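# Architecture at a glance
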Amino acid sequence: MMPMDANVAGNVFGGSILRMIDEVASIVAFRHSRNNVVTASLDRMDFISPVYIGDILRMIASINYTHRTSMEVGVRVEAENPLTGEVRHTGTCYLTYVALDKNRKPTQVAILRPETSEEKRRWAEAEERRKRRLKEIGKLKD
Ligand SMILES: CC(C)(COP(=O)(O)OP(=O)(O)OC[C@H]1O[C@@H](n2cnc3c(N)ncnc32)[C@H](O)[C@@H]1OP(=O)(O)O)[C@@H](O)C(=O)NCCC(=O)NCCS
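Read on for a plain summary of the structure. This structure is a prediction, so every number in the text was calculated from the model and none was measured.

Attention now goes to the overall build of the chain. Check the secondary structure of the chain and you find two helices and four strands. Listing the helices and strands of the chain from first to last along the sequence gives α-β-β-β-β-α. Overall size of the chain, expressed as C-alpha extent along the three principal axes, is 50 × 35 × 30 Å. Considering the chain as a whole, with its 142 residues, one finds that 37% of them fall into the buried category.

Take a look at the structure:
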């Protein structure tokens, strides 16, 4: 992380990290759908440990769930101190992307087929989150 990402005390802004999360997650969604994607929502994110100028940010991202035109991507953020190698879990965030066709309309995405128990757990948890978030905004249809 660079000085421009941080305040005068050297703490990295949450917004700088959110921007990187959105960029990384959108690449994951783009590669899955092979279409342009837009961020439909970003669930709450708690920053559970600070990030400082000079830290190396590591983002581990994966598709957790797909529905008709939407996909949930989970991103785990870790900060690594380059001098000591210490790695801290900074936070985890879930984002929903919608694939768009050439007319910028939502378009179907390939169904994710979870295979391992870990993938199945992620799918089930993501399905619950989807229901919760759509219920919150009054958009739960099925
Ligand atoms: C996301 C967007 C395309 C959805 O459009 P819409 O008219 O609600 O379309 P639909 O009702 O057909 O919904 C399409 C999908 O989006 C999902 N969706 C819509 N709003 C959502 C939200 N707030 N959170 C999560 N998913 C959402 C729906 O569940 C649906 O998923 P499904 O097809 O897998 O079931 C539209 O709201 C949009 O363009 N928003 C701006 C996106 C953007 O520009 N983001 C960058 C930052 S501004």
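Glancing now at the packing of aromatic side chains. Taken as a whole, this structure holds one aromatic pair when the rule is applied. Between the aromatic rings of Tyr-65 and Trp-123, the centroid separation amounts to 4.5 Å while the plane-to-plane angle is 55 degrees, which identifies the pairing as tilted. Within this pair, whereas Tyr-65 is found in strand 2 (residues 56-66), its partner Trp-123 is found in helix 2 (residues 117-136), the two being separated by 58 residues in sequence. Using a relative accessible area of 5% as the deciding quantity, one classes Tyr-65 as buried. Above the face of the Tyr-94 ring, Arg-129 is positioned so that its terminal group lies 3.5 Å from the ring centre.

Now for the side chain of Glu-72. Position of Glu-72 among the secondary structure elements: in strand 3 (residues 70-80). The exposure class of Glu-72 is buried, given its relative accessible area of 2%. A polar side-chain atom of Glu-72 sits 2.9 Å from a polar atom in the side chain of Arg-133. If we skip the residues at most four places from it in the chain, Glu-72 touches Ser-62, Ile-63, Asn-64, Tyr-65, Tyr-94, Leu-95, Ala-126, Arg-129 and Arg-133.

Here the largest pocket is characterised by a volume of approximately 720 Å³. Lining the largest pocket are 23 residues, with Ser-70, Val-98, Arg-130, Leu-134 and Lys-139 positioned closest to its centre. With six residues, helix 2 is the single largest residue contributor to the lining of the largest pocket. Class assignment for the residues of the lining of the largest pocket results in seven nonpolar, five polar and eleven charged. One number sums up the size of the second largest pocket: a volume of about 250 Å³. Those elements giving two or more residues to the lining of the second largest pocket turn out to be strand 2, strand 3, strand 4 (87-100) and helix 2. Split by residue class, the lining of the second largest pocket holds four nonpolar, four polar and six charged.

Within this structure, the stated rule accounts for 14 salt bridges. Among the ionic pairs, Arg-19 bridges to Glu-23, the shortest N-O distance being 3.1 Å. Of this pair, Arg-19 and Glu-23 both sit in helix 1 (residues 14-33), four residues apart, roughly one helical turn. Owing to a relative accessible area of 58%, Arg-19 belongs among the exposed residues under this scheme.

As a further point, take the environment of Arg-58. Residue position: Arg-58 is located in strand 2. Taking the relative accessible area as the measure of exposure, Arg-58 reaches 34% and is therefore partly exposed. Measuring from C-alpha to C-alpha, the distance between Arg-58 and Glu-78 comes to 5.0 Å, with 20 residues separating the pair along the chain. Ignoring any residue separated from it by four or fewer positions in sequence, one finds Arg-58 in contact with Arg-76, Val-77, Glu-78, Glu-80 and Val-87. One polar contact links Arg-58 to Glu-80, side chain to side chain, over a distance of 3.3 Å.

Conventions we followed
One numbering rule holds for all chains: residues counted from 1, following each sequence as written. Thresholds applied to this predicted model are a pLDDT of at least 70 for local features of residues and 80 or more for the giving and counting of side-chain atom pairs; totals over whole chains, interfaces and linings are not thresholded and use all residues. As a rule here, side-chain values come from all non-hydrogen atoms in the structure, and water together with hydrogens is ignored. Working definition: helices are DSSP H or I runs of at least four residues, strands are E runs of at least two. Numbering for both runs from the N terminus. The cut-offs for exposure are 20% and 50% of the maximum accessible area for each residue type, with area from a 1.4 Å probe on protein chains only; residues under the lower value are buried, those over the upper are exposed, and the others partly exposed. Side-chain rings of Phe, Tyr and Trp, where Trp is taken by its six-membered ring, are said to pair if the distance between their centres is within 6.5 Å; with planes under 30 degrees apart they count as stacked, over 60 as edge-to-face, and otherwise as tilted. Placement of a charge over a ring requires the Lys NZ or Arg CZ to be within 6 Å of the ring centre, with the centre-to-atom vector within 35 degrees of the ring normal. Any pair of N or O atoms that falls within 3.5 Å is considered a polar contact. Within protein, one atom must be able to donate a hydrogen and the other to accept it, and sequence-neighbouring residues count only if both atoms are side-chain atoms. The contact criterion used throughout is that any non-hydrogen atoms of two residues lie within 4.5 Å. Here a cavity means grid points, on a 1 Å grid over the protein atoms only, where a 1.4 Å probe fits yet cannot get out; a pocket means an open set of points with protein on both sides within 12 Å along at least five of seven lines; lining residues are those with an atom within 4 Å of a point. Grid points are joined across faces, edges and corners, and a volume is the space filled by probe spheres set on the points. Three classes are used, and their members are as follows: Ala, Val, Leu, Ile, Met, Phe, Trp, Tyr, Cys and Pro are nonpolar, Asp, Glu, Lys and Arg are charged, and the others, Gly among them, are polar. What counts as a salt bridge is simple: a side-chain nitrogen of Lys or Arg found within 4 Å of a carboxyl oxygen of Asp or Glu.

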